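Structural characterization, general
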Amino acid sequence: MACTTVPIDHGTRPGMAAATDADGTQPAALHRVRTMLRYGSRAVLESGRIVAWTAVYGTRAGTVALGRRSQEEKDVALSGIARSYLLRMGPLYMKAGQVLATQSGLLPKRATDEFRGFFSDLPPMSRRDLARTLDRAYQRPVEEVFETFDWRPVAVGSVAEVHLATLPGGRRVAVKVVKRGVRERLWASGRVLAALIRLGDLVPAVRRLDGSAMFGEIRPLLVDQCDMLREARTQLRCRDNFARHPYVRIPSPVLERCSRDVLVMDYMDGVPGQFPEGVSFPRGRLAQRLMDTFYSAVFFHGFYHVDPHPGNLLFTQDGGLVLLDFGLFGSLTEDEKWDLAAFYYACIRKEWDVAVDRLTKAFVVQAGRIDDDPDTYRRQMAAVLRRHFEEVADHWSTFAFFDDATRLLRRYRARVTTSFSLLAIGLLTGEGFVSQTDPDIDVWANARRFTDRFSPYMSAEVQERFDRVIVPAIPESFALRRRAAEFLVAPTHLDRFVLPSAYPLVVDSAEGCRITDVDGRTYIDLSCGYGPHILGYGHPAVARAIADAAMRGGVNALGNRDELALGEQIAQAFPEGSKVILANSGTEAVVMALRLARAHTRRDRVAKFEGHYHGFTDQGMVSGWFRHRGDKARPEPIQGSAGSQHAVVENTLVLQLGEPASLERIAEHADELAAVILEPMPAAMAAFDRPFLTALRELCTRKGIVLVFDEVVTGFRVHYGGVQHLAGVYPDLTTLGKVIGGGLPCGAVVGRGEVIDAARTTRDPFLDIETKGFVGGTLSGNSITAAAGLAALQELERDPGVYERLRARSAFLRKGLLAEADHLGVPCDVKGEHSIFSITFDYASPRFVRDRLSGSNMKANLALSYYFRQHGVYVPELHTLMLGDAHAEDDLAEVVAAFGAVLTEMVDDGLFAH
């Protein structure tokens, strides 16, 4: 029988016997037995200590409370007793004291002052215990590990203490060492508390709170904070999340010097978080930065400190924040991040019923009696939200909000998720720290400012500016949009999905790289119609071809010379023997390709990659741009819009580009996979991963899976043919669109003849239906579109230098934009090459599409489009930008100059954090 295993406890003393499996792990059952033998006696002793000392300190507190003293004298005495009690009880209880130390509005000032001693006045280890811990960690003298080591701690916490040292070569480091015996005490305390909670479950009213389950989920976090190797990994993850952040600093761990009991990291100087008065930077802005940092970790990274108290942070004189402790972290899933953001957004808009539904969906795991009377519950919870988010918002208290909300849920016997409870603790502590840093801060106003900056919608302040500037300048465009609203829904522009356009652009004419709207305003266009106009608007050769084809009648659903010529032109741009099927759009081409793959392999399932868009079909939008689910390395499918068929969504295997786990998952499901489809160069990332594409090609060949490259955007744009020619990796099928239509609707599937032939008739109707995949379209290959596409491709073939020019101009524009941002100190990320690029106001360095919003200033991203318009440049709100051969260097220099002016205005208008 296979035995579940766990990692060996590397804290085992040298010489202690350890039965292990061949892979260096202990059988789980043996590990549990060893742990109980090692820690069990501690749990018994801990139980006795809790009972005895609780009785002692409870008696003292009772005597003081009943004594004849003034209330102030009682507060002083009781605070001292409480601090002594928590200190006596050990690290788990000291953590409670650290949380209480941040709650100035909850406890008397004397009490919080007393508890603040838990940040700096805790007893250190003896030198003997410290030496034994270091000897066990390194198995050699400390003098051989460090050039110098200061045996006096510079900071002492409830779990560990910090010492200064230098490595050989003079590198200054901070050495965090777990206190001797803390791990055992945490384990024992956790066991005892779990037992007490289970005892409380004997009372029905207590059992309904399901405290055992909740504490069971939280307890591993409390014990794991003693694992310095785990903390080092967490620290690296946080450091990546805040890469290039304007004021957050995270020291690098020195991994080769870290062990389970010791964490070594770069030394950083600063003022301890409990002494903000020691920093010359304005207190109000310091508090705002604290709050923004914590909110960024929650809302974007979904990975946040559960215990962000002042002892875990340093301030620098220029307002920087140095984050130090990474032992106790909570995490939110992609769904929880989405639901939390959606909840706050509804509260900001004062849509209380919507907010109640989102809160309940996100954080209630057991509904209890809510479903018995949902209307009353919704009305009562809406009253709670209205009170805290509207009536007393200027005196916002996270504690009061969570307390009122959980009281109501408790009344309905509903249980909140552990995520909600941990988030409540984190927000309670973090906002308490913020309020101590600046007692006058308006927490809710700052929260709104943060949420507003990262909302995908226009804020009231920004909209007011553009209403004054843009609306009077485009009266005809607004009139036409009002008129269109009576009879037209235009989801790609006037009524854009998810990111609505506040200010319509209705084009009257276009030529080269410029467009002119119906109000007579001309702009340099950086969209190229989302890709097709690589030669520019109204290119003479394309215009002549369209006119000639129209004069020849415009043939549909019949063979014509233009159709044949376009098909041959496309086929010749791909490997020998390639065949082509024409379609009306890229979306149609994808549908055709996947059907042909199923017909060819006699398999049903399709794998796609997270963040890749393959048209607006149910499957093409699975886990696309906006919604993601599951672990980054092993994503789970989620629908891209309402109306998607759940069976189609759930049957889609979702992968992560560049992740080795994706190749493993393809191999696991190979027998059921008909196709793997991906954008070889996702527009959102503007780069391709040649090694991964090569490995994917080899795997699909070996497993008989049809590999499909979606080059609807990149085909004939980044290179004549597409990305596959740059990467040297060729799929079985390629879907095309955009450029191949010369500006008219067109799509195509091109690829290996044996796969494409799955659509060719057998001339036996019965056999066709049983073995062939039908693909069709009345306008597919119509003579006008085919003529336009043929003319565009022939121009590109005749002048291959167009791609070199586009590469050079992309580099010129990217360099110019970054220089303007750097000059003004604006956190801006410009990705792009081969004529496809994006501008994002972002401090992070995202690896995956799902991380593109982590730290991204959505308000500034959205506003950029409208600031640019005032300077004669059009960029779409989606910010997937493209260049065409009609963009001369003078045009791009004009764009760079406009960007500098735009950023100056945005800085002056306060769109960036300060």
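Residues numbered from 1 in each chain as written. Predicted model: local features only at pLDDT ≥ 70, side-chain atom pairs only at ≥ 80, totals over all residues. Heavy atoms only, no water.

Another aspect to go through is the side chain of Arg 605. Summarising the element assignment, Arg 605 is placed in strand β20 (residues 605-609). A polar atom in the side chain of Arg 605 sits 2.9 Å from the backbone oxygen of Asn 651. (Helix = DSSP H or I, 4+ residues; strand = E, 2+ residues; numbered from the N terminus. Polar contact = N/O pair within 3.5 Å; in protein donor to acceptor, adjacent residues only side chain to side chain.)

Close approach of charged atoms allows side chains with opposite charge to pair. According to the stated counting rule, one finds 34 salt bridges in the structure shown. For Arg 349, the salt bridge is made with Glu 351, and the minimal N-O distance between the two is 3.1 Å. Put simply, Glu 672 and Arg 605 hold a salt bridge, and the shortest N to O gap is 2.8 Å. Placement of Glu 672 in the loop between α25 (660-668) and β22 (673-678) and of Arg 605 in strand β20 is noted, with a sequence separation of 67 residues between them. Here Glu 672 falls in the partly exposed class, since its relative accessible area comes to 34%. Beyond isolated ion pairs, a larger network of salt bridges with shared partners links Arg 697, Asp 732, Arg 752 and Glu 754. (Salt bridge = Lys/Arg side-chain N within 4 Å of Asp/Glu carboxyl O. Buried < 20%, exposed > 50% of the residue type's maximum accessible area, 1.4 Å probe, protein only.)

Along its 15 residues, helix α13 (residues 334-348) runs 21 Å from first to last C-alpha, staying within 8% of the 21 Å computed at 1.5 Å per residue. Taken across its 15 residues, α13 has 13 buried, putting it largely inside the fold. Following α13 by one or two positions, Lys 350 adopts a phi angle in the positive range, close to 60°. (Expected span 1.5 Å × (residues − 1).)

Right, let's get into the confidence of the model for the chain. Detailed reading of the predicted model is not advised wherever pLDDT is low. Here the chain averages 84 in pLDDT, while 83% of its residues score no lower than 70. Scored below 50 in pLDDT, residues 1-26 makes 42 contacts in the model with residues more than four places away or belonging to other chains. Within the model, pLDDT remains below 50 along residues 101-106, and this stretch shows 22 contacts once partners closer than five positions in the same chain are excluded. (pLDDT = per-residue confidence, 0-100. Contact = heavy atoms within 4.5 Å.)

Here three strands make up an open sheet; going across it, the order is β26-β27-β29 and the pairing antiparallel. Here the strands that pair on one side only, and so sit at the sheet edges, are β26 (829-833) and β29 (880-882). Strand after strand, the sheet turns through a mean of 25° between neighbouring axes, direction not considered. Examined bridge by bridge, β26 and strand β27 (residues 836-840) share five bridges and lie antiparallel to one another. Note on β27: the bridge partner recorded for Val 830 is Ile 839. (Pairing = 2+ DSSP bridges. Axes fitted to C-alpha atoms, helices over the stretch in contact; angles between N-to-C directions.)

Moving on: the environment of Gln 139. Counting through the fold element by element, Gln 139 comes out in the loop between α6 (127-138) and α7 (142-145). Here the side chain of Gln 139 touches Arg 136 through a polar contact of 2.9 Å, landing on its backbone oxygen.

Turning next to the sheet that holds β22. Spatial ordering of the open sheet is given by β19-β25-β24-β23-β22-β20-β21, a layout of seven strands whose pairing is mixed. Looking at which strands have only one partner, the edges of the open sheet turn out to be β19 (578-583) and β21 (652-655). The mean angle between the axes of side-by-side strands here comes to 20°, regardless of whether they run parallel or antiparallel. Pairing analysis gives three bridges linking strand β23 (residues 706-710) to strand β24 (residues 733-737), with the strands arranged parallel. Across the sheet, the residue bridging to Asp 710 is Thr 735, located in β24.

Scanning the entire structure with this criterion turns up 22 aromatic pairs. Look at Phe 149 and Trp 151: their rings are 5.0 Å apart centre to centre, the planes differ by 70°, and that puts the pair in the edge-to-face class. Residue Phe 149 is classed as buried on the basis of its relative accessible area, which comes to 13%. For Trp 151, a relative accessible area of 22% gives the class partly exposed. With a centroid separation of 6.0 Å and 85° between ring planes, the pair formed by Phe 609 and Phe 692 is classed as edge-to-face. (Phe/Tyr/Trp six-rings, centres within 6.5 Å; stacked < 30°, edge-to-face > 60°.)

Take the nonpolar core next. With 75 residues, the main nonpolar core has Ile 570, Phe 716, Leu 796, Phe 841 and Met 906 as its most contacted residues. Core analysis: the next-biggest nonpolar cluster, separate from the first, contains 70 residues, Met 381, Ala 424, Phe 433 and Tyr 843 among them. (Core = buried A, V, L, I, M, F, W, Y, C linked by side-chain atoms within 4.5 Å.)

What follows is about helix α11 (residues 228-241). Given a rise of 1.5 Å per residue, 14 residues ought to cover 20 Å, and the 20 Å separating the end C-alpha atoms of α11 matches this to within 8%. Residues Met 228, Glu 231, Ala 232, Thr 234, Gln 235, Cys 238 and Asn 241 constitute the buried set of α11. Those residues of α11 that are buried lie in contact with β6 (172-178), β8 (262-266), α12 (283-301), β10 (303-305) and β13 (329-331). At the N-terminal boundary of α11, the capping side chain belongs to Asp 227, with an oxygen 3.1 Å from the backbone nitrogen of Leu 229.

It is at 8 Å that the axes of α12 and helix α17 (residues 418-437) come closest, and there the two elements cross at 165°. Classified by the angle between their axes, α12 and α17 sit roughly antiparallel to one another. Between α12 and α17 lies a crossing whose hand is right-handed. Touching Arg 283, Leu 286, Ala 287, Leu 290, Met 291, Phe 294, Tyr 295 and Val 298 of α12 are Leu 423, Gly 426, Leu 427, Glu 431, Phe 433, Val 434, Gln 436 and Thr 437, all from α17. Here the contact of α12 with α17 is built from residues that sort into eleven nonpolar, three polar and two charged. (Parallel < 35°, antiparallel > 145°, perpendicular 65-115°, else oblique. Left-handed = near helix turned anticlockwise from the far one by under 90°. Nonpolar A, V, L, I, M, F, W, Y, C, P; charged D, E, K, R; others polar.)

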